[in-house]
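# Coordinate analysis (summary)
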Amino acid sequence: MVKRVAIIGAGVSGLTSIKCCLDEGLEPTCFERSDDIGGVWRFTEDVEDGRPSLYKSMVSNTCKEMSAFTDFPYPEDFPVFVSNSQVLEYLRMYAKHFGLLKHIQFKTTVISVRKCPDFSATGQWAIVTESNGKQESSVFDAVMVCIGYLSDPSLPLESFPGIETFQGKYFHSRYYKHPDVFEGKKVLVIGMGNSGVDIAIEASRVAEKVMISTGRGAWVISRVFDNGYPWDMVFLTRFMNVIRNSLPGPITTWLVAHRTSQWFDHANYGLIPKDRDVIREPVLNDELPGCIITGKITIKPSLKEIKENSVTFQNSPTEEPVDVIVFATGYKFSFPFLEESVVKVEKKQASLYKYIFPPHLEKPTLAVIGLIKPFGAVMPVVEIQARWVTRVFKGLCQLPPVSTMVEEINETKKNKIRWFGLSYDEILKTDCLVYIDELASLMGTKPNVLALLLKDPVLAMKIFFGPCTAYQYRLTGPGKWNGARHAILTQWDRTVKPTRTRILCSWLSSVPLLTISLK
């Protein structure tokens, strides 16, 4: 029977895994290689080996209500989209409230995780850790791997002819911290993900010239959506998801394209995606169109060649002088402490059932948490993963036969264009609402909207037509939280409070409230 659980990493996934273990009566021990919690959300001036790195100005792309854990709302006075320091503060409050810190061993690196000789009978793992130069081996009944995928930068220099001759400075976006490195320089950012665009925006304030090179383009949306509300509270609702997933794929993608282009015409700005049959992660940025239209940033096609002090682009004979190149080319992931026979990573994917369980283990006692790119907030997704995993560990939830798991994994790997709904350009990307509902159904925590309509129609309407906040998954079933209903009914209050800092006369202030009440 599983009792002692090893958790590797004390970031978002690790912290919620500790809590979920405690909720199920398990005994977690978390190993964190650094001296603090927070993972990717903890800013440091230096880039630390083996842990994520972020820049000082990073702000969350999902709002606080959609990003909150299922039973722990953000403080109402926090801004709608929080800075990295405020996310870290929230994680500290979460850890303190649920007593998680005492279960963490800091400055402890996991060297290896191996099956015990009697694994087929016990499902136990031998874990070797190192702290203060000393190694120690311990046996655990189960393991939760919570190291994420943002520590190992992907820098394919061989794909950029001439880089060896470049006399300027170049680096991966992982190593960016402050914009002063771009002062007075001509800057090229290669790649158009969220980090690349953020860095280009910051560079445009101090640099002489800034260019973004992208072969694929991207849809760009603002955090501020309809009527000034957060994009994800408007876009990620059960009602909207039913519509999106009921329509043929081409119609759904056209609707997404039409909606994003209402802000500005992406074709006129050189941003329209090359392949519009699949959805890339949209760029969440409020400033990019303004920087392009004022000439502070220029969008360029794929890079053709790098020279000593300049570059050329595809379909353009003109050489552009460049002093600094930032490679915003993403990350690769690996599990160096695991044997390939347990989890094998190839072509930026791992064979995991529901993105979590290796299917061939004789005992389901090892799980990977957070190796997923949801179209939405990460925190609720990894928490639902951890809740399900701990119940599998306890035998309260069962995995299907190996053949069934392998078949589903293979189908996922094909990443086919779907007939209905949205299709994504990467295997790790998924519809967060559909995915969370799948895991919640396996646990018995998915809200039954039809049943609620008879019992509590006000709540049912909020759940179906309003934002799909994670509190919904605490209304019923294992881990039910008595505060879930109140959290749902007051989620818009916590959203508008930090922006309503100017007192208006009563008849004016009641108008937005009416709008909110209809959501």
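Note that this is a predicted model, so its numbers are computed, not measured. (Residues numbered from 1 in each chain as written. Predicted model: local features only at pLDDT ≥ 70, side-chain atom pairs only at ≥ 80, totals over all residues. Heavy atoms only, no water.)

### What to know about the overall build of the protein
Along the protein, the regular secondary structure elements total 17 helices and 24 strands. Relative to the compact-globule value of 24 Å for 519 residues, the protein shows a C-alpha radius of gyration of 24 Å, a close match. Projected onto the principal axes, the alpha-carbon positions of the protein cover approximately 65 × 65 × 45 Å. Here the protein, with 519 residues, has 53% of them falling under the buried criterion. Taking as baseline every contact in the protein between residues at least 6 positions apart, the subset at least 24 positions apart corresponds to 69%. (Helix = DSSP H or I, 4+ residues; strand = E, 2+ residues; numbered from the N terminus. Rg over C-alpha atoms; globule rule 2.2 N^0.38 Å. Buried < 20%, exposed > 50% of the residue type's maximum accessible area, 1.4 Å probe, protein only. Contact = heavy atoms within 4.5 Å.)

### Observations regarding the sheet that holds strand E10 (residues 186-190)
On the basis of which strands lie adjacent, the open sheet formed by five strands has the order E9-E18-E10-E11-E14 and parallel pairing. Looking at which strands have only one partner, the edges of the open sheet turn out to be strand E9 (169-172) and strand E14 (298-300). Neighbouring strand axes in the sheet, compared pairwise and without regard to direction, differ in orientation by 20° on average. Looking at chain direction, E10 and strand E18 (residues 324-327) are connected through four bridges and run parallel. Counted as the bridge partner of valine 189 is valine 326 from E18. (Pairing = 2+ DSSP bridges. Axes fitted to C-alpha atoms, helices over the stretch in contact; angles between N-to-C directions.)

### Quick look at the sheet that holds strand E2 (residues 27-31)
Ordered in space as E3-E2-E1-E7-E22, the five strands form an open sheet in which the pairing is parallel. Each edge of the sheet is formed by a strand with only one pairing partner; in this case those strands are strand E3 (104-105) and strand E22 (366-368). Bridge count between E2 and E3: two bridges; the pairing is parallel. Bridging across to E3, phenylalanine 31 finds its partner in glutamine 105. Lying over the sheet, helix H1 (residues 12-23) contacts strand E1 (4-8), E2, E3 and strand E7 (142-145), oriented at roughly 170° with respect to E1. On top of the sheet, helix H10 (residues 379-393) reaches E1, E7 and E22; it is set at about 165° to E7, its chief contact.

### A short note on the pattern of salt bridges
According to the stated counting rule, one finds 23 salt bridges in the structure shown. Each member of the salt-bridge network shares a partner with another, and the members are Lys19, Asp23, Asp71, Glu383 and Arg474. (Salt bridge = Lys/Arg side-chain N within 4 Å of Asp/Glu carboxyl O.)

### Observations regarding the pairing of E2
For E2, the tally of buried residues reaches four of five residues, placing the bulk of the element in the interior. Pairing of E1 with E2 involves five bridges; the strand directions are parallel. Looking across to E2, one finds that isoleucine 8 is bridged to phenylalanine 31. Assessed by its sense of winding, the connection that carries the chain from E1 through H1 to E2 is right-handed. (Right-handed = clockwise from strand over helix to strand, strands pointing away.)

### Quick notes on a nonpolar patch on the surface
On the surface, Phe239, Met240, Ile243, Leu450, Leu453, Met461 and Phe465 cluster together to form a nonpolar patch covering roughly 610 Å² of accessible area. Counting only elements with at least two residues in the nonpolar patch, the list comes to helix H7 (238-246), helix H13 (449-455) and helix H14 (457-465). A per-element tally of the nonpolar patch places H7 first, with three residues. Tracing the backbone shows methionine 240 in helix H7. (Patch = residues over 30% accessible without salt bridge, like charges linked within 9 Å, V, L, I, M, F, W, Y side chains within 5 Å. Areas by Shrake-Rupley, 256 points an atom, 1.4 Å probe, with all protein chains shown as cover.)

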